[in-house]
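Reading the structure
The residues making up each chain are set out below.
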Amino acid sequence: MSDAIQRVYEAAAQARADQVRSAGDRPSQRRGGELPGTTPLVRVKAERIELRAADGDGKLLHFNGFASVYNRGYEMWDMFGPYTEQVSSGAGAESLAKPDLDVPLVLQHESLRRIARTTNGTLTLAETTVDDVEGLLTDAPALDPRDADVAYIVPKLESGLIDEMSFRFMITKGSWSPDWMEYHIEGYDIHRGDVAIVGYGANPHTQGAGLRTKQLPLAERTEADLRQLERDVKAELYRRGHLAGLDPATAPAMSREELERIARSTLIAPRA
């Protein structure tokens, strides 16, 4: 992580520490690439995806893969800026044990594009480990190629054009790290959510203002982007009564000296 990216994370963490009531609070306006007001998503590079002929007459297809990988960090955003999030082992155990669990396997989180579902026995979900991968395993053993959505997605999976998955859920329990830079999802409810085969891991074009419009992965941003992020963070801290001597209105272009001053500030320095 570059020094500029690190400063963005640290500034967001300090603002979060000043405003969040307790380490057990869920992220406010938690965002990946989804639009405001939608259910949180976790999109990951799918692992152990397999598509093969099902047992029997060979007409059906068997799909499985991890919709989420546990204990691996990924970038997320809240109202203060970026942070690292990960799903903890066993986070879905209570939800997955529900006798009436209703979760479909869909394309791109579109509810009508269902190709399997737990309620009719065509989909099973389990927290498990395969080799070195632990997560939420999706297994649909009898996809019907006569289904238009199955026929649409199969050649894309086989060719590698599509190779990512995602799941839609509600956070029921979690906690922030002591430095407010990481959030661990310790419980989630996937009942009436979904698991999905998706085209991309995140949508960089989101609605909103300020920090919430900046959704590109930090590592892909230019130096100008990072400087704008630092201005945004500084403006938010100034609005909250911090950094009174660094009015962002008087510094439309940040100098190297100013960046170093922010980096040295006790308000933004990482906590021990």
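Owing to the predicted nature of the structure, the values given are computational and were not obtained by experimental measurement. (Residues numbered from 1 in each chain as written. Predicted model: local features only at pLDDT ≥ 70, side-chain atom pairs only at ≥ 80, totals over all residues. Heavy atoms only, no water.)

Description of the side chain of Asp78
As for its position among the elements, Asp78 is in strand E4 (residues 74-78). Assessed through its relative accessible area of 1%, Asp78 is described here as buried. A distance of 2.9 Å separates a polar side-chain atom of Asp78 from the backbone nitrogen of Phe80. (Helix = DSSP H or I, 4+ residues; strand = E, 2+ residues; numbered from the N terminus. Buried < 20%, exposed > 50% of the residue type's maximum accessible area, 1.4 Å probe, protein only. Polar contact = N/O pair within 3.5 Å; in protein donor to acceptor, adjacent residues only side chain to side chain.)

Here we look at the pairing of E4
By the criterion of burial, E4 is predominantly enclosed, with 4 of the 5 residues buried. Sheet topology note: the E4/strand E5 (residues 81-87) ladder contains 5 bridges and is antiparallel. Across the sheet, the residue bridging to Trp77 is Pro82, located in E5. Linkage of E4 to E5, two consecutive antiparallel strands, is achieved through a turn of 2 residues. (Pairing = 2+ DSSP bridges.)

Let's talk about unusual backbone geometry
A negative phi angle is the norm for most residues apart from glycine, just as the trans form is the norm for most peptide bonds. Although it is not a glycine, Asn71 adopts a positive phi angle of roughly 60 degrees. Among the secondary structure elements, Asn71 is positioned in the loop between strand E3 (61-69) and E4. The backbone of Trp180 sits at a positive phi, close to 65 degrees, despite the residue not being glycine. Following the sequence through the fold, Trp180 ends up in the loop between strand E10 (164-176) and strand E11 (182-198).

As for the pattern of salt bridges
Scanning all chains against the criterion turns up 8 salt bridges. The closest approach of N and O atoms between Arg168 and Asp194, which form a salt bridge, is 3.4 Å. Linking Arg168 in strand E10 with Asp194 in strand E11, this pair joins segments that are 26 residues apart in sequence. The residues Arg168 and Asp194 share a single accessibility class, namely buried. One network of salt bridges, in which partners are shared, links Asp102, Arg117 and Arg192. (Salt bridge = Lys/Arg side-chain N within 4 Å of Asp/Glu carboxyl O.)

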